Structures are given as structure tokens and as C-alpha cells.
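Below are the chains, spelled out letter by letter.
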Amino acid sequence: MKTRPGTTHGRPESDRISTMKKKLKPLTQRPAWKALAAHYQSIKKLHLRKLFADDPKRGERLTASTSGLFLDYSKNRITDKTLQLLVKLANESGLRARIDAMFSGEKINITENRAVLHVALRAPKNAPIIVDGKNVVPDVHAVLTKLSGFAQRVRSGEWKGFTGKRIKNIVNVGIGGSDLGPVMAYEALRHYSDRSLTFRFVSNVDGIDFVEATQDLDPAETLFIISSKTFTTLETMTNADSARAWLLKGLGGDVKAVAKHFVAVSTNAEKVSAFGIDTANMFGFWDWVGGRYSMDSAIGLSTMLAIGPDNFHALLAGFHEMDEHFRTTPFEKNLPVLLGLLTIWNTDFLGAETVAVLPYEQYLKRFPAYLQQLTMESNGKHVTLDGKKVNYQTGPVYWGEPGTNGQHSFYQLIHQGTRLIPCDFIAFGQALTPLGRHHDILMANVFAQAEALAFGKTAQEVKAEGTAAALVPHRVFEGNRPSNTILARKLTPEVLGKLVALYEHSVFTQGIIWNIDSFDQWGVELGKVLAQRIVPELESPACPPLKHDSSTNHLIHHYRNLKGNL
Ligand code: F6P
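All values reported here derive from a predicted model rather than from experimental measurement. (Residues numbered from 1 in each chain as written. Predicted model: local features only at pLDDT ≥ 70, side-chain atom pairs only at ≥ 80, totals over all residues. Heavy atoms only, no water.)

1. Looking at the side chain of Glu221
Phase 1: Mapped onto the elements of the fold, Glu221 is located in the loop between helix H9 (207-214) and strand S7 (222-227).
Phase 2: The class for Glu221 is buried, based on a relative accessible area of 14%. (Helix = DSSP H or I, 4+ residues; strand = E, 2+ residues; numbered from the N terminus. Buried < 20%, exposed > 50% of the residue type's maximum accessible area, 1.4 Å probe, protein only.)

Set out below in C-alpha cells:
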């Protein structure tokens, strides 16, 4: 990877980016966008049945792969011209320059004036990346070394709790990016985890989350990881306080116990210390790592404890391979770019409002939840980089469940409902623990679902089966419903890294084309501020005068009444 300094020709990055943006036409005025709009009109009635019938090699042609990850995107409602125009749109949107800007540490998160450098978290030692004149890669590796040392001490039993007992339970306390990545990775890589350790994840401020996670644990054997980039998040700090109280109560009240049972992962040493955690037991990261892009930073401590440092390094290597693929591969063969462009096509031209992510791999059961934050906190934006309201749709709603469970629940709507729901199927050639015929049956279902969605079943075909005339319309499958299929040999730490990076960079691609800031999250602020204002109104013994709207006032009174405090 080449070194590219964080400031260019003595100009601050924000200037450089706004200069760059000025050269771009608004999205809907770019020639490729206009051409895509016209092209859509000419192909909107084309059915996947015809596209496949006219091109017997389509299913082999419209695929791309990199280092063991294979993407079949042939079941999208596209032609070769669609692809050419989408790639043209990427070029007209300056995607290549923006990829380079991200990888070189430019401050592309302009509303927070920050670099966006999750790619530095998995950069090899000899690949410098400069932010504000400093190479950040050695710091990344120093934290990784510290994490590995700590993980080894806990896993080997060398690290003892306050009473001298070995640590057997690890509880990660965090929310959003400080929870979803760790819990997803733990579940995804459970096959590789040390089964003598118990892992729990507490995120919700609903006390039940903490109570249920700890009710069967022995405090003397329990280590809490307080994971919070800011170390100010209300949910996490409330749970961290409860954790400390729970531990002290269980261990006789000596505050010295905290040092043996609490570690922190944060960017905020001051707050960590104020909470009472020795900063020697703190693992740091940096403001250029967004919360939803942080599972491969020290936020991944629980992952490393579960699967061990070597597997964690394999995960990072997988991320890095996809980073390099994204950075260097022509857009026509670039998996994240293709995935991102197809999402633009489905969202802005076909009118899809959601994307269903359907892993046919039970270990990936939390992957859709993880992707929800990654995609929707990133691209749920309504203004462009220069603050203008967009006149096109941005980030779609991501959702999903592992197959085959979803088939017996919501797939009905995907097959025969009135909405267009593009699907991403994710599946593997090998089960991690083969069991009889299970894996072939599982895989038969993936292929069958994608086939049924694309090709459906015509009225003629239904009639030919001898179906009663009145039932024919009910049994017709229109088909023409787009999907991608992503395949890999098996779910390893490395493959998980590639998969996550694939979606990270797909989100990036979308954000660049939509010309939005995919790296801020101002939309979560208002609710946080209002909640802080309401807390005392619920807690005070007498209800203070309320100055909300009539609905909120009434709800607060009703709540106080229900809890018996009026
Ligand atoms: O509220 C949104 C958010 O800021 C996320 O972006 C972040 O992942 C989460 O809260 C948790 O933040 P922290 O790690 O600072 O506790």
C-alpha cells in the first residue's frame, strides 16, 4: 500500500474535499444517472426468464470472485448495458478518487472532520498510513500486541480474579458498534472458540439484559469488558455501574477487586480512569474508527478471547484481502463495488425499499443485525455532503434471518407480495460440523429460493398442473425478483473478515454515489438528548411541571401512575 499523506499540498483535507465535490454535478444531473433513468424505462418490463433464455451463459458470466468469495449477481434485473452505465456512474461520482482518499487517511468524514480508517486496523505492519502527519499503523499493531498478551493470559488461566480463581466468564458491556460486532463475531466464530469460557453480551439499558446475562455467573470467575468508544453512552455506563455493584456485592465490597474483573476498550482514557478502571487495563482505539466499523479494533477483545490471537489475526487478514481487492480491482470485477452499484440500481431505479440478508449458515444468525447498523447508520442520510436535501432515495432498510427459518415466515411476502425485495443469499460449500444430509438439504433450499424468486411460475404452468381455475392466480409466482448469491468454501475467521469488509465497502460505494457522509450519525442524537431530559421527570418523587407536547406529557403521567409514583 502506498503512503499518501493526510494533508495534500499544504491544504486542509476539508478544503480539498469541498473542491473535489464542487467538480461533481448533482447526482441526478450526471450523464450516467440520466442514461440509467432512460435505460430503466426501456428494460423495466424485461423478465429474468427472458434474460436467461437469451443468454445461456448469463449465470456464469455475471459472477465475480476474489480469494475464495464468489458472487453470483446474474439474478438481478440488469443487462450488460445496465452494468456499463452503473460503472460509468461510479466513475462520474469520483469513486476511485474517494477510495484513494479513504485509504490514505484523508478526512472524508467531513461533518466530524475525521479520517475514516478502519482499513488501517488490518493493514500489515509495513504499510504506513499517515493521519495528521503521523503513521498510525505502528499504534494499531502495538494495541494488537497488547490485546494478544492479555487474551493469552486470560485464556491460559494466568490472569486470576480477585479471589485467585481463574476467569471463566467474559461479559462484554457495550451497545451499537461496541456490541453488535463482538456478538456477531462471537456467534459466527463459535466453532473456533474456547468452549471452557462462557461469553455474554449486555447492551440494552433494560435491566433484564444484565440480570439474565449474569444470573448464573460467579463474580469471582467473571471478567467485564466495558466497551465504549466514547465511554459516555448512557446504556453502557448504566450497565457498567450495575456490573461494578454486582461484582462488589458478590466479592465482599473491596474496590480493589475492580482492577481484576474490569477492563475497558475505549478512545477516552480520562473517562475510563474516572470510572475506576486502571488505564493499564484499557485497550485503545482512535477517533478515525467509526463505532460500526470497529469490530476489528480493540472492540474485538471478546472475539480474540473467544477464538485466540491467531484466529483473530486470520480474521484481520481476511479483512485486509478484501480491502486490497476493493482498492485495486477494476469496478467491473470489484465485488463490493458491484454489490453497492446493484443496491443503487435496485433502490433508485427499481424502487426497492429494503434488502433482505439471508445467511444459510446458523453461525451467521446475528449477521443481519450487525449489517443493520453498518448499513443504516451509515447511509440513512437525507442531505448531501454540502447539506442539500437529496432528491433520490438513499440507504435501504436491511433486515433478515438465517435460512431456512425465514422461508416459513416472511418469504411468502418476498415471493408473492406487492413489494420488490432484493435478497442477498449467503452460503457455504461445507458445514463446519457435518451432520448427515443436513448441509445438502440446506444448500438445496438456497438455490431453490433464488431460482423461484427469479423465474417464478406462470399461470400456464400452474394450469398445466391441473390446478382449479379459481386457485390459479393464487398459485402464480410472478418471479423477476432480484437476488445475489454469495458463496465461500466454509465459514472461517478469514472468510468472516472478507464478508464484513465486502459489505463495509459496498456501503462506502453507495455513500459516495449518493454523495452523503456515510460516517457520521447525527440522527441518533436528538433521542439521546430528549431521553436525558425525561429521566429526571420520571425519577423525581413529585412530578415536575411538564413542558412537552400533550401526548408526551400524558404518557409520562400515565407511566408514573403505572409505576405507582404519583
Ligand atoms: O448512538 C449511536 C452510537 O454512537 C453508535 O454509532 C455507536 O456504535 C454506539 O452509539 C455506541 O457508542 P460508544 O461505543 O461510544 O458507547
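2. Brief notes about the nonpolar core
Phase 1: Of all hydrophobic cores here, the largest spans 123 residues; its most connected members are Trp288, Phe367 and Leu496.
Phase 2: Considering every element that reaches this core, the biggest residue donor is helix H20 (residues 493-514), with 12 residues.
Phase 3: Those residues within four positions of Phe367 in sequence are excluded, and the remaining contacts are Met184, Val357, Ile426, Leu499, Val500 and Tyr503.
Phase 4: The next biggest cluster of nonpolar side chains, apart from the first, holds 25 residues, and it includes Ala220, Leu247, Val272 and Met282. (Core = buried A, V, L, I, M, F, W, Y, C linked by side-chain atoms within 4.5 Å. Contact = heavy atoms within 4.5 Å.)

3. What about the site of the ligand?
Phase 1: Surrounding the ligand, one finds 14 residues, the nearest of these being Ser178, Ser228, Lys229, Thr230 and Thr233.
Phase 2: Interatomic distance of 3.1 Å between a side-chain N/O atom of Gln373 and an oxygen atom of the ligand.
Phase 3: In isolation the ligand has 400 Å² of accessible area, and contact with the protein removes 87% of it.
Phase 4: More than half of the atoms belonging to the ligand lie within 2 Å of the grid points that define the largest pocket.
Phase 5: Here the shell around the ligand is built from residues that sort into 2 nonpolar, 9 polar and 3 charged. (Near = heavy atom within 4 Å. Polar contact = N/O pair within 3.5 Å; in protein donor to acceptor, adjacent residues only side chain to side chain. Areas by Shrake-Rupley, 256 points an atom, 1.4 Å probe, with all protein chains shown as cover. 1 Å grid on protein atoms, 1.4 Å probe; cavity = no way out; pocket = protein on both sides within 12 Å on 5 of 7 lines; lining within 4 Å. Sits in = over half its atoms within 2 Å of the grid points. Nonpolar A, V, L, I, M, F, W, Y, C, P; charged D, E, K, R; others polar.)

4. Observations regarding empty space enclosed by the protein
Phase 1: Scanning the model with the defined rule gives 3 cavities of 30 Å³ or more in all.
Phase 2: Roughly 90 Å³ of volume is contained in the largest cavity.
Phase 3: At the level of secondary structure, the elements contributing two or more residues to the lining of the largest cavity comprise helix H14 (335-349), strand S10 (354-359) and H20.
Phase 4: Residue contributions to the lining of the largest cavity peak at 5 residues, all from H14.
Phase 5: Here the residues of the lining of the largest cavity are counted per class, giving 8 nonpolar, 6 polar and 1 charged. (Points joined across faces, edges and corners; volume = space filled by probe spheres on them.)

5. A word on the layout of surface pockets
Phase 1: Of the voids in this model, the largest pocket is the one considered here, and its volume is about 960 Å³.
Phase 2: Forming the walls of the largest pocket are 39 residues, and the residues nearest its centre are Thr233, Glu377, Gln521, Val524 and Lys528.
Phase 3: Residue assignment for the lining of the largest pocket shows that the elements contributing at least two residues are helix H10 (234-250), helix H15 (367-379) and helix H21 (525-539).
Phase 4: Looking at the lining of the largest pocket, its residues break down into 12 nonpolar, 18 polar and 9 charged.
Phase 5: For the second largest pocket, the calculated volume is near 390 Å³.

6. Considerations on unusual backbone geometry
Phase 1: Each neighbour pair has its own omega, and for Gly403 with Thr404 the value is 10°, a cis peptide bond.
Phase 2: Mapped onto the secondary structure, Thr404 falls in the loop between strand S11 (397-399) and helix H16 (411-416).
Phase 3: Phi is positive for Asn113, which is not a glycine, with a value near 50°.
Phase 4: With respect to the secondary-structure elements, Asn113 resides in the loop between helix H6 (95-103) and strand S3 (130-131).

7. Side note on the confidence of the model for the protein
Phase 1: On average, residues of the protein carry a pLDDT of 95, and 96% of them reach 70 or more.
Phase 2: Low confidence marks residues 1-11, where pLDDT is under 50. Its contacts with residues over four positions away, or in another chain, come to 28 contacts. (pLDDT = per-residue confidence, 0-100.)

8. Section: helix H5 (residues 80-92)
One turn of an α-helix holds 3.6 residues; hence residues three or four places apart share an orientation.
Phase 1: If you check H5, its first and last C-alpha atoms are 18 Å apart, about what 13 residues at 1.5 Å a residue would give, namely 18 Å.
Phase 2: For H5, the full list of buried residues reads Thr82, Leu83, Leu85, Leu86, Val87, Leu89 and Ala90.
Phase 3: Residues of H5 that are buried in the fold lie against helix H2 (31-43), H6, H14 and H20. (Expected span 1.5 Å × (residues − 1).)

9. Topic: the sheet that holds strand S12 (residues 423-428)
Phase 1: Read across the sheet, 6 strands follow the order S1-S2-S13-S12-S10-S11 without closing on themselves; strand pairing throughout is mixed. Strands with a single pairing partner mark the edges of an open sheet, and in this sheet they are strand S1 (63-66) and S11. Recorded for the sheet is a direction-independent mean angle of 15° between the axes of neighbouring strands.
Phase 2: Two elements, S1 and strand S2 (residues 69-72), share 4 bridges in a ladder whose sense is antiparallel. What sits directly across from Thr63, in S2, is Asp72. (Pairing = 2+ DSSP bridges. Axes fitted to C-alpha atoms, helices over the stretch in contact; angles between N-to-C directions.)

10. Some words on the pairing of S12
Phase 1: When you tally the buried positions in S12, you get 6 out of 6 residues, the bulk of the element.
Phase 2: Here S12 shows no split at all, with Cys423, Phe425 and Ala427 on one side and Asp424, Ile426 and Phe428 on the other all buried.
Phase 3: As defined by bridge partners, S10 adjoins S12 across 4 bridges and the pair is classed as parallel. Counted as the bridge partner of Pro359 is Ile426 from S12.
Phase 4: Bridge analysis of S12 against strand S13 (residues 483-488) gives 6 bridges, and the strand direction is parallel. Its bridge partner lying in S13, Cys423 is registered against Ser483.

11. Observations regarding the pairing of strand S8 (residues 262-266)
Phase 1: Counting buried residues along S8, 5 of its 5 residues qualify, which places the element largely inside the surrounding structure.
Phase 2: Burial along S8 is two-sided: Phe262, Ala264 and Ser266 facing one way and Val263 and Val265 facing the other are all buried.
Phase 3: Bridge count for S8 against strand S9 (residues 282-284) is 3 bridges, and the pairing is parallel. Counterpart to Ser266 in the pairing with S9 is Gly284.
Phase 4: Tracing the backbone out of S8, into helix H12 (residues 269-275) and back to the parallel element S9 gives a crossover that is right-handed. (Right-handed = clockwise from strand over helix to strand, strands pointing away.)

12. Quick word on the sheet that holds S8
Phase 1: Taken in spatial order, the 5 strands of this open sheet run S6-S5-S7-S8-S9, and their pairing is parallel. Each having just a single partner strand, strand S6 (198-202) and S9 make up the two edges of the open sheet. On average, each strand axis in the sheet is inclined to that of its neighbour by 20°, with strand direction left out of account.
Phase 2: For strand S5 (residues 169-173) and S7, the ladder comprises 5 bridges, and the chain directions are parallel. Opposite Ile170, over in S7, you have Leu223 as the bridge partner.
Phase 3: Sitting on the sheet, helix H7 (residues 137-156) is in contact with S5, S7, S8 and S9, with an inclination near 145° to S9.

13. Side note on the packing of H2 against H14
Phase 1: Where H2 meets H14, the closest approach of the two axes is 11 Å, and the angle between their N-to-C directions is 70°. Taken together, the axes of H2 and H14 lie roughly perpendicular to each other. The handedness of the crossing between H2 and H14 comes out as right-handed. Residue-level contacts link Trp33, Leu36, Ala37, His39, Tyr40 and Ile43 of H2 to Ile344, Trp345, Asp348 and Phe349 of H14.
Phase 2: For the contact of H2 with H14, the class distribution of residues is 8 nonpolar, 1 polar and 1 charged. (Parallel < 35°, antiparallel > 145°, perpendicular 65-115°, else oblique. Left-handed = near helix turned anticlockwise from the far one by under 90°.)

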